[in-house]
Amino acid sequence: MKSWIEAAMKGEPEAYEQLVSQYRGMALAVAYNRLGDTFWAEDVVQEAFTEAFGNLSKLEVPEAFPGWFKVIVERQCYRWLRRKQHTTIPVQELEHVFQEEDQAHNPEEQAMQNEMHRTLRDSIAALPSSMRIAVELFYLEGYSLKEISEFLGVNVAALKKRMFDARSKLKRSMPVRNLVSMFNDLYEGGKGMLHIMNGDHAANRLRESGIQGDILVWRELYTFGPVAKDMSVAKKRKNRASVLEQQLGIPQIEYLQIEELERKLHSFQQYKEIVLWFEYDLYDQTMLSYLLHYFKGQALQNTKLNLLCIDSYPEIEHFRGLGQLTSTQIGSLSGSWHVIDTDELQAGAQFWEAYTSNDIRQHLDYLRADNTVLPFADAAFKAHLSRLPSVSNGLGVIEQTTLETIRAGVDRPHPLFREVGDKLHILGMGDLEYWAHLRRMTEGPQALLRLTGKTTFPSFIQHDEKFGEAVFELTEIGIQVLDEEVDWALLKQEELWIGGLHIEGGRQARWRWNPASESVVEMESI
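Fair warning: this is a prediction, and the values are worked out from it, not measured in the lab. (Residues numbered from 1 in each chain as written. Predicted model: local features only at pLDDT ≥ 70, side-chain atom pairs only at ≥ 80, totals over all residues. Heavy atoms only, no water.)

Digging into the overall build of the protein chain
Check the secondary structure of the protein chain and you find 25 helices and eleven strands. Of all 526 residues assigned to the protein chain, the portion counted as buried reaches 49%. A total of about 25,400 Å² of accessible surface is found on the protein chain, and carbon and sulfur atoms cover 49% of it. (Helix = DSSP H or I, 4+ residues; strand = E, 2+ residues; numbered from the N terminus. Buried < 20%, exposed > 50% of the residue type's maximum accessible area, 1.4 Å probe, protein only. Areas by Shrake-Rupley, 256 points an atom, 1.4 Å probe, with all protein chains shown as cover.)

Below is the structure:
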């Protein structure tokens with residue numbers, strides 16, 4: 001904005017156009033709120049821009065332009081009202097004339113549009129002034145809360161409260177789903193913004209919150225199975241689908257629906273804005289890095305890319321993810337995202353390229369680098385590498401934590417999952433993934449665990465309620481490994497993927513995780 005104002009002061013036409021494009025909608029909302037007439041508001045805003053551009057030299061701080069311009073718009077409104085002496089045709093009558101002309105083309109459709117428009121406008125008009133202008137700027141004009149905050153001189157927290165109160169009042173006169181539909185149909189809210197997030201539960205809460213836009217739920221599990229830098233390669237995707245079917249029970253046809261999600265992602269340029277909603281854990285950070293890697297290679301053109309990535313929420317004591325939030329709490333996050341810059345795109349791409357590499361040296365290089373651009377990336381990447389066999393007994397962090405928890409007396413599947421999940425929340429591990437790890441620990445002559453009772457583990461397509469009654473206990477080998485008397489990595493012959501690292505028959509067992517130093521070391525050097 002500062003550069004636009006400085007350029008406008010020099011008389012550059014493009015700068016004037018930028019300022020008009022950015023602030024015209026806000027100014028119209030303020031003027032209409034004062035005058036109640038669309039045509040008058042248009043005239044007033046035109047005069048306000050003329051006055052503002054003629055007095056830019058008086059603006060000492062460019063950042064103060066939004067509030068300064070709002071004062072000019074309001075002053076022009078008062079001038080207009082004072083000098084208005086002539087008789088006018090009420091704007092409602094003019095709208096009626098225009099509606100009759102339009103209805104000649106498609107009477108039924110136009111009648112429905114008119115009714116929707118009237119209902120929505122009447123409901124908004126009944127709101128208190130402070131709420132009304134916030135709703136108009138956010139929903140009808142498409143401004144972010146940050147932009148509205150700067151223009152109205154009201155902090156973002158107060159604006160969120162106004163928006164919440166306004167939605168509550170509007171719900172009394174119409175169902176929220178109809179309200180959101182009206183905004184989208186009449187003002188192209190859905191075409192203006194796309195939200196990409198993980199989890200259907202959180203997505204449903206987002207829909208119920210009243211936040212405008214389409215939602216794309218990204219259904220992938222990059223923390224399990226083989227991954228590659230380019231996930232669109234047919235051979236690699238087919239191989240991944242086969243592994244997920246074998247180990248998680250996800251039918252290949254079900255997994256390959258990711259191709260449809262990819263096609264939707266490729267059409268991102270139809271949206272003016274995209275918001276990525278993700279969390280701090282490894283599960284989400286891998287998805288986020290994949291998407292940032294993708295967008296880094298695209299020409300964004302006029303699409304603005306935003307990020308909302310959090311590890312806490314004030315009212316949630318143990319925050320684990322957006323799925324914990326109510327629709328109201330999700331709604332309170334509206335506008336708190338920030339525009340993704342080139343450094344963040346680069347950082348995301350570096351995370352993804354390192355994570356999916358089959359060369360341990362790239363993982364080590366990333367671990368040694370400065371990863372502060374994305375605040376949760378470093379901890380998530382360390383969590384990723386902590387799944388490697390440890391220097392002490394060859395157990396990864398999931399196996400180690402599971403054995404310790406069972407030894408402490410938690411031996412039933414669901415309490416065990418909750419306990420281990422809480423201890424390893426940085427992984428963001430779901431139950432389906434955890435059952436696969438548990439099954440792996442109970443198989444073969446080197447099994448760490450013995451399962452009594454129900455022996456069929458849940459999968460994507462089947463679940464037996466009696467599984468919850470099963471009991472786990474440590475085998476003799478499990479006890480020896482936990483006591484660091486035996487190295488499980490030297491015993492277990494298996495195929496395992498940790499990010500892009502493919503561990504097969506202990507070939508990479510020499511690369512170990514050292515929990516004490518949070519680093520990867522080579523066994524030969526110990």
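Considerations on the packing of helix H15 (residues 258–266) against helix H16 (residues 282–296)
Where H15 contacts H16, the two axes come as close as 12 Å, and the packing angle between them is 45 degrees. One way to sum up the angle between H15 and H16 is to call them oblique. When the axes of H15 and H16 are compared, the crossing they make is right-handed. Contacts between H15 and H16 pair Glu262, Leu265 and His266 from the former with Tyr290, Leu291, Tyr294 and Phe295 from the latter. In terms of residue class, the contact of H15 with H16 is made up of five nonpolar, one polar and one charged. (Axes fitted to C-alpha atoms, helices over the stretch in contact; angles between N-to-C directions. Parallel < 35°, antiparallel > 145°, perpendicular 65-115°, else oblique. Left-handed = near helix turned anticlockwise from the far one by under 90°. Contact = heavy atoms within 4.5 Å. Nonpolar A, V, L, I, M, F, W, Y, C, P; charged D, E, K, R; others polar.)

Things to note about the sheet that holds strand E3 (residues 273–279)
Spatially, E2-E1-E3-E4-E5 is the arrangement adopted by the five strands of the open sheet, whose pairing is mixed. Both edges of this open sheet fall to strand E2 (214–217) and strand E5 (338–339), since each of them pairs with a single strand only. On the sheet, helix H12 (residues 200–209) packs against strand E1 (193–197), E2 and E3 and is oriented at approximately 175 degrees with respect to E2. (Pairing = 2+ DSSP bridges.)

Some details on the pairing of strand E10 (residues 511–514)
With four bridges joining them, E10 and strand E11 (residues 519–522) adopt antiparallel strand pairing. Directly across from tryptophan 511, in E11, lies its bridge partner glutamate 522. Turn length for the E10-E11 hairpin, with the two strands adjacent in sequence and antiparallel, is four residues, and the turn residue glutamate 518 shows positive phi of about 50 degrees.

A short note on the confidence of the model for the protein chain
When the pLDDT values of the protein chain are averaged, the result is 83; 85% of them are 70 or greater. For the stretch residues 85–105, pLDDT sits under 50, and the model shows 14 contacts to residues farther than four places along the chain or on other chains. Segment residues 184–190 is flagged for pLDDT under 50; beyond a separation of four residues in sequence, or across chains, it makes 22 contacts in the model. (pLDDT = per-residue confidence, 0-100.)

A word on the packing of aromatic side chains
In this structure the tally under the stated criterion is 24 aromatic pairs. Grouped by ring-pair contacts, the aromatic residues Trp218, Tyr222, Tyr290, Phe351, Trp352, Tyr355, Tyr366 and Phe381 constitute a single cluster. (Phe/Tyr/Trp six-rings, centres within 6.5 Å; stacked < 30°, edge-to-face > 60°.)

Describing helix H18 (residues 342–355)
The end-to-end C-alpha separation of H18 is 20 Å, in line with the 20 Å expected for 14 residues at 1.5 Å each. Structurally, H18 contributes buried residues whose contacts are with H16, strand E4 (304–310), E5, helix H19 (360–368) and helix H20 (377–385). Backbone nitrogen of aspartate 343 and a side-chain oxygen of the N-cap are separated by 3.2 Å at the start of H18; the cap is aspartate 341. (Expected span 1.5 Å × (residues − 1). Polar contact = N/O pair within 3.5 Å; in protein donor to acceptor, adjacent residues only side chain to side chain.)

Concerning unusual backbone geometry
The phi dihedral of glutamine 301 falls on the positive side, at around 55 degrees, and the residue is not glycine. Looking at the secondary structure, you find glutamine 301 in the loop between H16 and E4. On the accessibility criterion, glutamine 301 (64% relative accessible area) is exposed. For glutamate 484, which is not glycine, the phi torsion reads 65 degrees and is therefore positive. Note that glutamate 484 resides in the loop between helix H24 (476–482) and helix H25 (488–491).

As for helix H8 (residues 145–152)
Counting buried positions along H8 gives six out of eight residues, so the element sits mostly inside the fold. Within the span of H8, buried status applies to Leu145, Glu147, Ile148, Ser149, Phe151 and Leu152.

Some thoughts on the layout of surface pockets
Reported here for the largest pocket is a volume of approximately 1,200 Å³. Elements that contribute at least two residues to the lining of the largest pocket include exactly H12, helix H14 (252–255), H15, H16, helix H22 (413–423) and helix H23 (431–442). Grouping the constituent residues of the lining of the largest pocket by class yields 17 nonpolar, eleven polar and 13 charged. (1 Å grid on protein atoms, 1.4 Å probe; cavity = no way out; pocket = protein on both sides within 12 Å on 5 of 7 lines; lining within 4 Å. Points joined across faces, edges and corners; volume = space filled by probe spheres on them.)

Here we look at empty space enclosed by the protein
Applying the stated criterion across every chain yields a total of five cavities of 30 Å³ or more. Quantified by volume, the largest cavity comes out at close to 270 Å³. Only helix H21 (397–407), H23, H25 and strand E8 (495–498) provide two or more residues apiece to the lining of the largest cavity. Considering every element that reaches the lining of the largest cavity, the biggest residue donor is E8, with four residues. Within the lining of the largest cavity, the residues separate by chemical class into eleven nonpolar, seven polar and six charged.

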